Amino acid sequence: MRRNIVAGNWKMNCDISQTYQLLDALKEQDITDDVSVIVAPPFTNLQSANQALLDTEILVAAQNMHQEATGAYTGEVSAAMLKSVGVEVVILGHSERRAIFGETNALLAAKVNTALENEMTIIFCFGEELSDRKAGNHFDVVRQQLQEGIFHIEKENWNNVILAYEPVWAIGTGETATPDQAQEMHHFIRNTLSEVFDTDVSQDVSILYGGSVKPGNAKEIFGKEDVDGGLIGGAALNATDFTAIINAFE
Ligand code: 13P
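This one's a predicted model, so the numbers in the text were calculated from it and none came from an experiment. (Residues numbered from 1 in each chain as written. Predicted model: local features only at pLDDT ≥ 70, side-chain atom pairs only at ≥ 80, totals over all residues. Heavy atoms only, no water.)

Asks: Where do I start with helix α8 (residues 179-196) in this structure?
Replies: Residue pairs three or four apart in sequence face the same way in an α-helix, which turns once every 3.6 residues. With 18 residues, α8 should reach 26 Å at 1.5 Å per residue; the first-to-last C-alpha distance of 26 Å fits that figure. Where α8 is concerned, the buried positions are P179, A182, Q183, M185, H186, I189, R190, T192 and L193. (Helix = DSSP H or I, 4+ residues; strand = E, 2+ residues; numbered from the N terminus. Expected span 1.5 Å × (residues − 1). Buried < 20%, exposed > 50% of the residue type's maximum accessible area, 1.4 Å probe, protein only.)

Asks: Teacher, can you tell me more about the environment of G229 here?
Replies: Position of G229 among the secondary structure elements: in strand β8 (residues 229-232). Sequence separation of G229 and A7 is 222 residues, and the distance between their C-alpha atoms is 8.2 Å. If near-sequence neighbours (up to four positions away) are discounted, G229 is found in contact with I5, I207, L208, Y209, F222 and F249. (Contact = heavy atoms within 4.5 Å.)

Asks: Would you mind going over the site of the ligand with me for this structure?
Replies: Around the ligand sit 13 residues, and of these K11, H94, G172, S212 and G234 come closest. A distance of 2.7 Å separates an oxygen atom of the ligand from a polar atom in the backbone of G172. Between the ligand and S212, the relevant distance is 2.7 Å, taken from an oxygen atom to a main-chain nitrogen or oxygen of the residue. About the coverage of the ligand: the protein hides 96% of its 310 Å² of free accessible area. Residue classes in the shell around the ligand are distributed as four nonpolar, seven polar and two charged. (Near = heavy atom within 4 Å. Polar contact = N/O pair within 3.5 Å; in protein donor to acceptor, adjacent residues only side chain to side chain. Areas by Shrake-Rupley, 256 points an atom, 1.4 Å probe, with all protein chains shown as cover. Nonpolar A, V, L, I, M, F, W, Y, C, P; charged D, E, K, R; others polar.)

Asks: What's the story with the sheet that holds strand β6 (residues 161-165) in this structure? I'm lost.
Replies: Within a sheet, neighbouring strands are paired by backbone hydrogen bonds and run either parallel or antiparallel to one another. Taking strand neighbours around the barrel as the criterion, the eight strands line up as β1-β2-β3-β4-β5-β6-β7-β8 in a closed arrangement whose pairing is parallel. Mean inter-strand twist for the sheet, computed between neighbouring axes without regard to direction, equals 25°. With two bridges connecting them, strand β2 (residues 35-40) and strand β3 (residues 59-62) associate as parallel partners. In the strand pairing of β3, I38 is matched with L59. Helix α7 (residues 138-149) contacts β5 (121-126) and β6 of the sheet and is inclined by roughly 145° relative to β5. Lying over the sheet, α8 contacts β5, β6 and β7 (207-210), oriented at roughly 150° with respect to β7. (Pairing = 2+ DSSP bridges. Axes fitted to C-alpha atoms, helices over the stretch in contact; angles between N-to-C directions.)

Here it is in structure tokens:
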């Protein structure tokens, strides 16, 4: 059975005191039990966030990690390092990592392998650019990102994968995919998963939508059959808005 999940990607926001403030505010909210909640602060605040949330069900995720175990990779952080501070979830393939930091599908495939070898849960992100959608290529682009980035894994590893469809044109732009556009793509992804794997995989994996999800549109988007929650950017930086998005499932 797939789970409803709402994850907050804080991106490069919040120093340590802002992290504590946001988490304290979140802990004061009345959050429904029906949804798994994840927050992804910057690397520097992962351990503190994890400790601050020990008495809650909220999980902490990293926004990235390196594919190698150790070595001369200045500025990078390994899966084992994340696990050593209690982080079991990692976001991989965010469009900002792909576009700004040049992460390719092949590199992401290596990161996926490392995360799974370390028994971490992956939030695997993908999504088309505006030019792809305008050209009508969005299904092909998404299929290729999945094919090259994550379809090489074994069937049993899908238990440790959450997918996040984030059309690039909807991220931080205020422009959201319509609920029907989200449903259409999520349905396509589930069909593709049943072709490549089987219906157990396609029915059990949670597929999140990301891109300008706000309290005002969450209910309609999450109400779609194949949308199992959201990966939230800007609105995750405000405890009241983030909670309203989570509670859109009630
Ligand atoms: P926004 O919610 O700010 O559009 O960001 C979405 C996102 O990139 C989450 O990973």
